[in-house]
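# Structural overview
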Amino acid sequence: TGAFTYDPGFTSTCSTKSAITYIDGDEGVLLYRGYPVAQLAQHCSFLEVAYLILNGELPNKTALETFDQSIRRHTMINEGLKSFFNGFHYDAHPMAMLTGVVGSLSGFYHDTGNNKDPRHREIFAHRMIAKIPTIAAAAYKKYYGQPFMYPQNHLDYCSNLLHMMFAVPAEPYHVDPIAAKALDVLFILHADHEQNASTSTVRMAGSTGTNPYAAISAGIAALWGPAHGGANEAVLNMLDEIGDVKNVQGFMDKVKDKQSGVRLMGFGHRVYKNFDPRATIIREECHKVLKALKIDDPKLELAMKLEEIALNDDYFKARKLYPNVDFYSGIIYKALGIPVNMFTPMFAVARTVGWVAHWSEMVGDGPLKIARPRQVYTGAAERNVVPVAQR
Ligand code: CMC
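Below, the structure is looked at part by part. (Residues numbered from 1 in each chain as written. Predicted model: local features only at pLDDT ≥ 70, side-chain atom pairs only at ≥ 80, totals over all residues. Heavy atoms only, no water.)

### Topic: unusual backbone geometry
With an omega dihedral of -10°, the bond running from G366 to P367 counts as a cis peptide bond. Along the chain, P367 turns up in the segment after α17 (343–365). For R33, which is not glycine, the phi dihedral falls at a positive 50°. Positionally, R33 belongs in the loop between β2 (29–32) and β3 (35–36). Although it is not a glycine, K320 adopts a positive phi angle of roughly 50°. In this structure, K320 sits in the loop between α15 (314–318) and α16 (326–335). Of the residues examined, K320 reaches a relative accessible area of 44% and is grouped as partly exposed. (Helix = DSSP H or I, 4+ residues; strand = E, 2+ residues; numbered from the N terminus. Buried < 20%, exposed > 50% of the residue type's maximum accessible area, 1.4 Å probe, protein only.)

The structure is reproduced here in structure tokens:
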């Protein structure tokens, strides 16, 4: 490979420097701007954490209020986007709508990736964080054939999202504070995760100087896959397929048979080879939320049984496979009444903070260096073209 290193899947390549998130995969450490994620989940709101991730420091009361007001001010989307949503087929996956609609924002805001003015980058960040719940909720409404609900700016970030999803014009709707708080904690845990596939995609697209909304749309596309953000949806589908605790062992045998191609979804991580600190918090949160909402979900029992068997199984031990953040998040989403195909859009709402922070960091650090990997060529050697008549 000459002067190049062959590193499929970038298992040992650092693509950038970044001051946002620190992970120690062996020790199970996750810090946003130096703060342990568990402490942030305990003491802060999602918007406080969003401010931290964007700006490097936790806000004081005034800074938080100003940030919060700015986010509230930008929650609406252009009315013309209703027609865009309505153009989707009735059974389009909400992630398909998210990818398209977020990309279309580039047609409304003609920002460039070479934007050297930090205030412009800030407006982009605020717009994106403010509008993504509105877009996710509209995707939900389109999928279920209900009228779109406008943002209610007197509500906090997560309550507003739940309201836009579950309220209907004909009836009053009160957001359950337990549900809003649970969502807030989940969003904190998903807000950033350094150079994961979707964030790397945002950086890669952004490195060309493309419109930043287009770069975020690329990140959403990368998040959709079941190896990444789509895992939360895949976990619930897997639990449905297993159906009952008595089928767990048979399913595990299938997972261990490499020919089957079946994986235990919600298990394993490229970086965490000890445990995923987010999974520990989410597991506790899951028990707490189900108890508070008085929900007795057999899926939780099934998940716990799967986890127990996997953690004691030589196959998983030898490969250092532990539950990741998505193993339990779906059970919480389900308890909040969020349908399975909206799990990954929920992840996208939270991760938008990380994406915009990484894009801003990259552009702010400038000058942009286009991300352009090399390859190991495995095709034909040079040869001459034979005209079609003689082939
Ligand atoms: N079930 C069964 N076997 C597994 C699993 C799993 N979930 N994950 C990894 N393995 C095996 C894999 O077959 C391989 O075995 P061997 O060495 O015998 O070939 C070994 O463990 C290493 O796996 P890998 O695929 O080389 O590891 P990776 O770092 O490339 O992949 C991963 C990481 C997260 C894509 C993978 O663990 C996976 O597919 N997990 C299931 C999907 C999932 O839960 N994804 C969410 C990740 S966390 C949230 C997020 O990133 O969005």
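That covers the picture; the talk isn't over yet.
### A short note on the pattern of salt bridges
According to the stated counting rule, one finds 13 salt bridges in the structure shown. The residue K256 makes a salt bridge to D313 at a minimum N-O spacing of 2.7 Å. With K256 in helix α12 (residues 248–256) and D313 in the loop between α14 (298–311) and α15, the pair connects residues that are 57 residues apart, well separated along the chain. The shortest N-O distance in the salt bridge between E308 and K305 comes to 3.9 Å. With a gap of three residues between them, E308 and K305 both fall in helix α14, about one helical turn apart. Owing to a relative accessible area of 44%, E308 belongs among the partly exposed residues under this scheme. (Salt bridge = Lys/Arg side-chain N within 4 Å of Asp/Glu carboxyl O.)

### Some thoughts on α14
Here α14 contains 14 residues, and its C-alpha end-to-end distance of 20 Å stays within 8% of the 20 Å for a straight helix at 1.5 Å per residue. Listing the buried residues of α14 in full gives K299, L300, L302, A303, L306, E307, I309 and A310. Considering only its buried residues, α14 is in contact with α11 (231–242), α12, α13 (277–292), α15 and α16. With a side-chain oxygen positioned 2.8 Å from the backbone nitrogen of K299, the residue opening α14 is D297. (Expected span 1.5 Å × (residues − 1). Contact = heavy atoms within 4.5 Å. Polar contact = N/O pair within 3.5 Å; in protein donor to acceptor, adjacent residues only side chain to side chain.)

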